[in-house]
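One-letter residues, chain by chain:
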Amino acid sequence: MILNETQTISSMRTMETEFLSSLEKHKGILHKVARMYMDGEADCEDLRQEIIIQLWKSYQTYKGESAFSTWMYRVPINTAITFFKKKKKLVTTFSPEVFPEQEVEEYDSSKDKQMELFYKAVHQLKPIEKAIIFYLLEGLSYREIGKNLGISEGNARVKLNRTKEKLQMLLKNKDYEF
Amino acid sequence: MNFDEIKGSWDKEGSENVNIPGSISQLKRANHPVDQIKKNMKFELYGQILFILAVPFLTHLYFDSRLQTFFLGFYAVFVLISAYYFYNFYLFYKQTTRYSTSSKDSLYELYYNLRLNIERYKSFGFLLIPFVIGTLAMVLINKSEHLNLDKMALFGNFKVYLIATIASIVIYIALIVFWVELVYGKYARQIGEILHELKEEN
């Protein structure tokens, strides 16, 4: 009985070590998803921690039905989509007026300006639109984007084109085109 | 906007600020809205369980032995029905949201589980109505017998009792619906809006 418990604890520790080392290799995903869905380092950190918790919960039942990379994309994106912060309104309508002008003036030259502006524009998108842009930049095909979102390839194509146009418009309206 | 250019910067982006903990225990407790809803529902439920357990002790003082037996039978039925609800709430708290499926499946699962439990939660609140009315009726009957009041005099104001009871029930139902929708419904509505985003576009 005691031996069984020791074996279980030992196998859990091995699983945890494996999980954390896989996560170390893919931590770029955590960074990018958090930056796309949250504004401000504290909120980003909250979301990253939440993603790790959900990944760990899911990892214990992960039996390799899907590729590790697919799983590694889906859990963070699905967690981020439903992770609403209190006191922050869910942006549901396209409104270029709410673009944070002040933050652009406080631009830190050490950071990549292009990516800073890109993330600011992305924050104005709806949760699913953010996921579409994320998958596009990660190099997923229309088919894969559709599969991860649970929509048809055609629908993924239409949504992607509209989201790209919207993003372009958001940047253009404030002379942020590059 | 040149997406190829952005893609180039995206691929090169560092992740030095991401610290992977040495062990899972170093992480904060789950703070996801769904987990928060489960926690809140669980705390409210503890209060309801305490109330249900306290009822026979409180009413014990009021009833004579004949009504006591009748009340305990009535109470037992209420406890049995409540147990069904508690078991289902327990399953909901224990349930882990599956985030590894497609976004649509994950959102639908989350949405319907939330909606189902919100409705269960409301109907559990409604279940208290017949129980409270039954208990109050027994208290009144018991009181009339103890004080040797004329039952007709007691029920002479039947219309007033009826109107007061109906008004109380309506206010109680409205309060439950308002409270549950305010505290738990908001999140379900947000999930519903995201699901709407996934609809087919032409």
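Residues numbered from 1 in each chain as written. Chains lettered and ligands numbered in written order. Predicted model: local features only at pLDDT ≥ 70, side-chain atom pairs only at ≥ 80, totals over all residues.

1. Observations regarding the nonpolar core
Residue and element names in this part refer to chain A.
Piece 1. Grouped together as the largest cluster of nonpolar side chains are 51 residues, with contacts concentrated most on Val33, Tyr37, Leu47 and Ala131.
Piece 2. When residues of this core are assigned to their parent elements, the largest contribution, seven residues, is made by helix α7 (residues 127–137).
Piece 3. Those residues in contact with Val33 that lie beyond four places of it in its chain are Ile51, Pro76, Ile77, Ala80 and Phe134. (Core = buried A, V, L, I, M, F, W, Y, C linked by C-beta atoms within 7 Å. Buried ≥ 20, exposed ≤ 12 C-beta atoms within 10 Å, placed from the backbone. Helix = DSSP H or I, 4+ residues; strand = E, 2+ residues; numbered from the N terminus. Contact = placed C-beta atoms within 7 Å.)

2. Regarding the domain arrangement of chain A
All names here are of chain A.
Piece 1. Domains assigned within chain A are domain 1 (1–85) and domain 2 (89–178).
Piece 2. Taken together, the contacts link 11 residues of domain 1 with 10 residues of domain 2.
Piece 3. Looking at the side of domain 1 that touches domain 2, the elements with two or more residues in it are α2 (27–37) and α4 (68–81).
Piece 4. Of all the elements, α2 adds the most residues to the side of domain 1 that touches domain 2, at five residues.
Piece 5. Class assignment of the residues belonging to the side of domain 1 that touches domain 2 gives a composition of seven nonpolar, no polar and four charged. (Domains from an automatic or database assignment. Nonpolar A, V, L, I, M, F, W, Y, C, P; charged D, E, K, R; others polar.)

3. A closer look at the environment of A:Phe84
All names here are of chain A.
Piece 1. Examined against the element boundaries, Phe84 turns out to sit in the loop between α4 and α5 (101–105).
Piece 2. Judged by C-beta crowding, with 17 C-beta atoms within 10 Å, Phe84 ranks as partly exposed.
Piece 3. For the pair formed by Phe84 and Gly28, sequence separation is 56 residues and the distance between their alpha carbons is 22 Å.

4. Notes on α7(A)
All names here are of chain A.
Piece 1. By the criterion of burial, α7 is predominantly enclosed, with 10 of the 11 residues buried.
Piece 2. Taken together, the buried positions of α7 are occupied by Pro127, Ile128, Glu129, Lys130, Ala131, Ile132, Ile133, Phe134, Tyr135 and Leu136.
Piece 3. Of the residues trailing α7, Gly139 is marked for its positive phi of about 85 degrees.

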